[in-house]
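Summary of structural features
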Amino acid sequence: IVGMEALVRWNHPTRGIVRPDDFIPLAESTGLITPITWFVIGHALRQQRDWRARGHDISMAVNLSVRHLTDMSLPDRIAVELARWGVPADRVVVEVTETSVMSDPKRAIGVIHHLRRVGVSVSVDDYGTGHSSLAHVRQLPVDCIKIDRAFVSHMDSDPANAAIVRSTVELAR
């Protein structure tokens, strides 16, 4: 194990566990995504600090929404949280989607550059489901791409998916 991803779930008192697909769009449209994101970041960094204290030095990934990717103050705020929890920046990965980057590419690329100057790694999550274009990804100052599970999960039994994954990996390199 080299890394973890912080994922949020809502434990609703009557509905039980509610998946992010069911509540994140609502949080996005109401502005609640900001406090949710900072809640997740705080908990993820605290957990990472605790793991590091026990000798488990692994990276932690956290998803960012389109709203955050256009917030020029985000990188500095993440730097403050890193210092607060004593977590080295190079142990944190922020994950963005192609769609979130393409909503305002110039601003998003500026935020990504600033995040990388802070020392945080940046990953494109769910690659292949949004504005899938290696031309776009090629322009992004990202450290990795995560190919969407729709392609990866059946690549051992579906030759077409295997070819897509293999080609994407080669082209990304």
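I will try to describe carefully the structure that is included in this document. (Residues numbered from 1 in each chain as written. Predicted model: local features only at pLDDT ≥ 70, side-chain atom pairs only at ≥ 80, totals over all residues. Heavy atoms only, no water.)

**Some thoughts on the overall build of the chain**
- Scanning the chain for helices and strands turns up 9 helices and 7 strands.
- The C-alpha atoms of the chain give 17 Å as radius of gyration, which agrees with the globular expectation for 173 residues (16 Å, within 12%).
- Counting only C-alpha atoms and orienting by the principal axes, one finds that the chain spans roughly 45 × 45 × 40 Å.
- Here the chain holds 173 residues, and the buried ones make up 36% of them.
- Nonlocal contacts in the chain, meaning residues at least 24 apart in sequence, comprise 67% of its contacts between residues at least 6 apart.
- Working note: accessible area of the chain is about 9900 Å², and carbon and sulfur atoms make up 55% of it. (Helix = DSSP H or I, 4+ residues; strand = E, 2+ residues; numbered from the N terminus. Rg over C-alpha atoms; globule rule 2.2 N^0.38 Å. Buried < 20%, exposed > 50% of the residue type's maximum accessible area, 1.4 Å probe, protein only. Contact = heavy atoms within 4.5 Å. Areas by Shrake-Rupley, 256 points an atom, 1.4 Å probe, with all protein chains shown as cover.)

**Some thoughts on the side chain of Thr37**
- Within the element layout of this structure, Thr37 appears in helix 2 (residues 33-53).
- The class of Thr37 is buried, set by a relative accessible area of 7%.
- In this structure Thr37 touches Asn63, Leu64 and His68, once residues within four positions along its chain are discounted.

**Structural notes on empty space enclosed by the protein**
- Considering all chains together, one arrives at 2 cavities of 30 Å³ or more under this definition.
- Looking at the largest cavity, its volume works out to about 60 Å³.
- The wall of the largest cavity is formed by Ile41, Ala44, Leu45, Val62, Ile78, Leu82, Val92 and Val94.
- Every element with two or more residues in the lining of the largest cavity is listed here: helix 2, helix 4 (74-85) and strand 5 (92-97).
- Ranked by residue count, the leading element in the lining of the largest cavity is helix 2, at 3 residues.
- Partitioned by chemical class, the residues of the lining of the largest cavity number 8 nonpolar, no polar and no charged. (1 Å grid on protein atoms, 1.4 Å probe; cavity = no way out; pocket = protein on both sides within 12 Å on 5 of 7 lines; lining within 4 Å. Points joined across faces, edges and corners; volume = space filled by probe spheres on them. Nonpolar A, V, L, I, M, F, W, Y, C, P; charged D, E, K, R; others polar.)

**Brief notes about the packing of helix 4 against helix 6 (residues 105-118)**
- At their nearest, the axes of helix 4 and helix 6 sit 8 Å apart, and the two run at 25° to each other. Here helix 6 runs roughly parallel to helix 4, going by the angle between their axes. Of the two elements, helix 4 crosses helix 6, and the hand of that crossing is right-handed. Across the interface between the two elements, Leu74, Pro75, Asp76, Ile78, Ala79 and Leu82 of helix 4 pack against Val111, His114, Leu115 and Val118 of helix 6.
- Across the contact of helix 4 with helix 6, the residue classes tally to 8 nonpolar, 1 polar and 1 charged. (Axes fitted to C-alpha atoms, helices over the stretch in contact; angles between N-to-C directions. Parallel < 35°, antiparallel > 145°, perpendicular 65-115°, else oblique. Left-handed = near helix turned anticlockwise from the far one by under 90°.)

**Focus on helix 9 (residues 159-172)**
- Taking 1.5 Å of rise per residue, the 14 residues of helix 9 would be expected to cover 20 Å, and the 20 Å separating its terminal C-alpha atoms lies within 8% of that figure.
- Among all positions in helix 9, only Asn161, Ala162, Val165 and Thr168 are buried. Taken around the axis of helix 9, the buried residues stretch over an arc of 135°, which confines them to a single face. Facing away from the buried side of helix 9 by more than 90 degrees, the exposed set consists of Pro159, Arg166, Glu170 and Leu171.
- Those residues of helix 9 hidden inside the fold are in contact with strand 6 (121-127), strand 7 (144-147) and helix 8 (149-152).
- Of the residues that open helix 9, the one with a side-chain oxygen 2.9 Å from the backbone nitrogen of Ala160 is Asp158. (Expected span 1.5 Å × (residues − 1). Arc of directions from axis to C-beta. Polar contact = N/O pair within 3.5 Å; in protein donor to acceptor, adjacent residues only side chain to side chain.)

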